[in-house]
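Listed below, chain by chain, are the residues.
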Amino acid sequence: LKSNRSQTRSKYSPLYRKLHLSGAQISAFEEITAARDEKLQDLATAAKSLGLKSDAPAIRKFATEAIVAYQSQMKTLLGETAFAELKNYERTSWLRGIVQNIAGTATLANAPFTSAQSERLIEIIANTSPQYLQGGWVDEIDWEIADAQVRVILSPEQFEVYSTLEPADSGRFLSQLGATLKVARKADAAHTTNW
């Protein structure tokens, strides 16, 4: 859990800056997040020991209660406007991981991104995701549209890293592969259904 708290600080530090949170607010934010994570981790352990799947009704009920408590406490801590910013921030969490990995690779290639570039990159890419634009989480990304817009905010060296190098564990090509496989599975399922 201590490791989770340091990861929370790293994950949410751009949001802390954007919302101008005080040290006390950051501490409370991290306590609320740690409490939620601890409950969900305990729940996962209990489900496993009982031989239940994570989507079992009882497990879902307790998980929902933990998330509702987290949201209520965050809304109280941050206020309505900042809480809406938090929800939007979390909808891009998967994409933030990809951009963080790309930015890390760019740093190693001596073409580091500024924090403003990273945030703008997230915004541009997220806005190519139909799911995100409909109020959901970033899922499928239209990299062709993103590339055209990203080229304007990155130097040629940065764009080269962004468009050609694949960081370990996640990145644009893994995302593209996942989207291609999803389309292929749908087509395969439709073909099988038509038999």
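Before reading further, recall that the structure is shown in the block above.
Residues numbered from 1 in each chain as written. Predicted model: local features only at pLDDT ≥ 70, side-chain atom pairs only at ≥ 80, totals over all residues. Heavy atoms only, no water.

Draft legend 1. Representation of the packing of helix 8 (residues 143–153) against helix 9 (residues 156–164) within the structure. Closest axis-to-axis distance for the helix 8/helix 9 pair is 9 Å, and the angle between their directions is 160 degrees. Judged by the inter-axis angle, helix 8 sits roughly antiparallel to helix 9. Where helix 8 crosses over helix 9, the two elements pack in a sense that is right-handed. Between helix 8, through W143, A146, D147, V150, R151 and I153, and helix 9, the contact on the second element is made entirely by Q158, F159 and Y162. Looking at the contact of helix 8 with helix 9 residue by residue, the class counts come to 6 nonpolar, 1 polar and 2 charged. (Axes fitted to C-alpha atoms, helices over the stretch in contact; angles between N-to-C directions. Helix = DSSP H or I, 4+ residues; strand = E, 2+ residues; numbered from the N terminus. Parallel < 35°, antiparallel > 145°, perpendicular 65-115°, else oblique. Left-handed = near helix turned anticlockwise from the far one by under 90°. Contact = heavy atoms within 4.5 Å. Nonpolar A, V, L, I, M, F, W, Y, C, P; charged D, E, K, R; others polar.)

Draft legend 2. Up close: helix 8. Listed as buried for helix 8 are W143, A146, D147 and V150. The arc that holds every buried residue of helix 8, seen down its axis, measures 100 degrees, which confines them to one face. In helix 8, the exposed residues that point more than 90 degrees away from the buried face are E144, A148, R151 and V152. (Buried < 20%, exposed > 50% of the residue type's maximum accessible area, 1.4 Å probe, protein only. Arc of directions from axis to C-beta.)

Draft legend 3. Examining the packing of aromatic side chains more closely. Using the criterion set out here, one finds 5 aromatic pairs in the structure. Note on F159 and Y162: the rings are 5.5 Å apart at their centroids and 45 degrees apart in plane angle, and the pair reads as tilted. Here F159 pairs with Y162, and both are found in helix 9, just 3 residues apart, close to one helical turn. Take F159 and Y162: they sit in the same class, and that class is buried. (Phe/Tyr/Trp six-rings, centres within 6.5 Å; stacked < 30°, edge-to-face > 60°.)

Draft legend 4. Main features of helix 2 (residues 23–50). Here helix 2 is 28 residues long and its end C-alpha atoms lie 40 Å apart, about the 40 Å a rise of 1.5 Å per residue gives. Buried within helix 2 are the following residues: I26, F29, E30, I32, T33, A34, R36, D37, L43 and A47. The first or second residue beyond helix 2 is G51, which carries a positive phi of 75 degrees. (Expected span 1.5 Å × (residues − 1).)

Draft legend 5. Representation of the environment of I32 in the model. Relative to the helices and strands, I32 is located in helix 2. Sequence separation of I32 and Q71 is 39 residues, and the distance between their C-alpha atoms is 9.2 Å. Among all residues touching I32, those that are not within four sequence positions of it are Y70, Q73, M74 and L77.

All we've got here are geometric facts, nothing functional implied.
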